[in-house]
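Below, each chain spelled out in residue letters.
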Amino acid sequence: MMVYYGRTVCHEYGGKKTMAAKNYLPDVSVVVTCSHHRRWMERCVRSISHQEGITSQLLEILVMDDANDDQSRSMLENLTTLENCRLVSGVDLNTAIRHTLGRYIMLVSADDYLNRNCLQTMKIFLDMNRCYQAVAVDCVTVDHQEKVMERRNGLQEDTLSGLMFRKENLIDCIQSN
């Protein structure tokens, strides 16, 4: 498990949940991949939704559903009761990213959770540094009692989790591949 430092209503439409119309766009979209991590999913989403300095109007949470069992599906559907959370299923990561609404996109694995000021710190950095396309944060590995096992440099990790990108740069990369 890693710790990273640093009212939208869902409606049924043709069998799919869609975001209700609103008069604003979020600044930050967090895409949560939940492959076989049901055990930690609620904590992950809770850590994202309780960020300091990022109101629910500034935040969108997309949970990618690749759950195989009914318990996982039920738990994921309960998460959509959150004001700014929506569940997407049957799509790959690139498609999910294309459907985000925020200016910045952060990718998080469901077995991770965020420090309370992570999103605000990363957003402020990207707001003030237009020349950067993304920002990475350090992470710590913790055990089940949250005892710190090791600290790792986010730039040296071989994963996209824990990175915040400018949406336009990420979309350009996806389209070029």
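The shown structure was predicted, so the numbers you read here are calculated from the model rather than taken from an experiment.

Caption draft 1: Quick peek at helix H1 (residues 38-49). Compared with the 16 Å implied by 1.5 Å per residue over 12 residues, the 17 Å span of H1 between its first and last C-alpha is a close match. By the burial criterion, the buried members of H1 are Met41, Cys44, Val45, Ser47 and Ile48. Down the axis of H1, the sector holding all buried residues measures 155 degrees, keeping them to one side.

Caption draft 2: Region of the structure containing the side chain of Asp111. Tracing the sequence through the fold places Asp111 in the loop between strand S7 (104-109) and strand S8 (112-114). A polar contact of 2.7 Å, which involves the side chain of Asp111, links it to the side chain of Ser109.

Caption draft 3: Broad picture of the sheet that holds strand S9 (residues 134-136). Reading across the sheet, the 6 strands line up as S6-S5-S4-S7-S12-S9 and stay open at both edges, with mixed pairing between neighbours. In this open sheet, the two strands that pair with only one neighbour each are strand S6 (85-89) and S9. The mean inter-strand angle of the sheet, taken between neighbouring strand axes irrespective of direction, is 20 degrees. Note that strand S4 (residues 28-33) and S7 share 6 bridges and pair parallel.

Caption draft 4: Local environment of the pattern of salt bridges. Throughout the structure, instances matching the rule amount to 6 salt bridges. Put simply, Asp27 and Arg103 hold a salt bridge, and the shortest N to O gap is 3.3 Å. Within this pair, whereas Asp27 is found in the loop between strand S3 (16-19) and S4, its partner Arg103 is found in the loop between helix H3 (93-98) and S7, the two being separated by 76 residues in sequence. Its relative accessible area of 15% is what places Asp27 among the buried residues. Taking the relative accessible area as the measure of exposure, Arg103 reaches 40% and is therefore partly exposed. Residue Glu168 pairs with Arg130 through a salt bridge whose shortest N-O separation is 3.5 Å. Of this pair, Glu168 sits in helix H5 (residues 167-176) while Arg130 sits in the loop between helix H4 (118-128) and S9, and the two are 38 residues apart along the sequence. Taken together, the shared-partner salt bridges connect Asp27, Arg103, Lys123 and Asp127 into one network.

So, how was this worked out
- Residues numbered from 1 in each chain as written.
- Predicted model: local features only at pLDDT ≥ 70, side-chain atom pairs only at ≥ 80, totals over all residues.
- Heavy atoms only, no water.
- Helix = DSSP H or I, 4+ residues; strand = E, 2+ residues; numbered from the N terminus.
- Expected span 1.5 Å × (residues − 1).
- Buried < 20%, exposed > 50% of the residue type's maximum accessible area, 1.4 Å probe, protein only.
- Arc of directions from axis to C-beta.
- Polar contact = N/O pair within 3.5 Å; in protein donor to acceptor, adjacent residues only side chain to side chain.
- Pairing = 2+ DSSP bridges.
- Axes fitted to C-alpha atoms, helices over the stretch in contact; angles between N-to-C directions.
- Salt bridge = Lys/Arg side-chain N within 4 Å of Asp/Glu carboxyl O.

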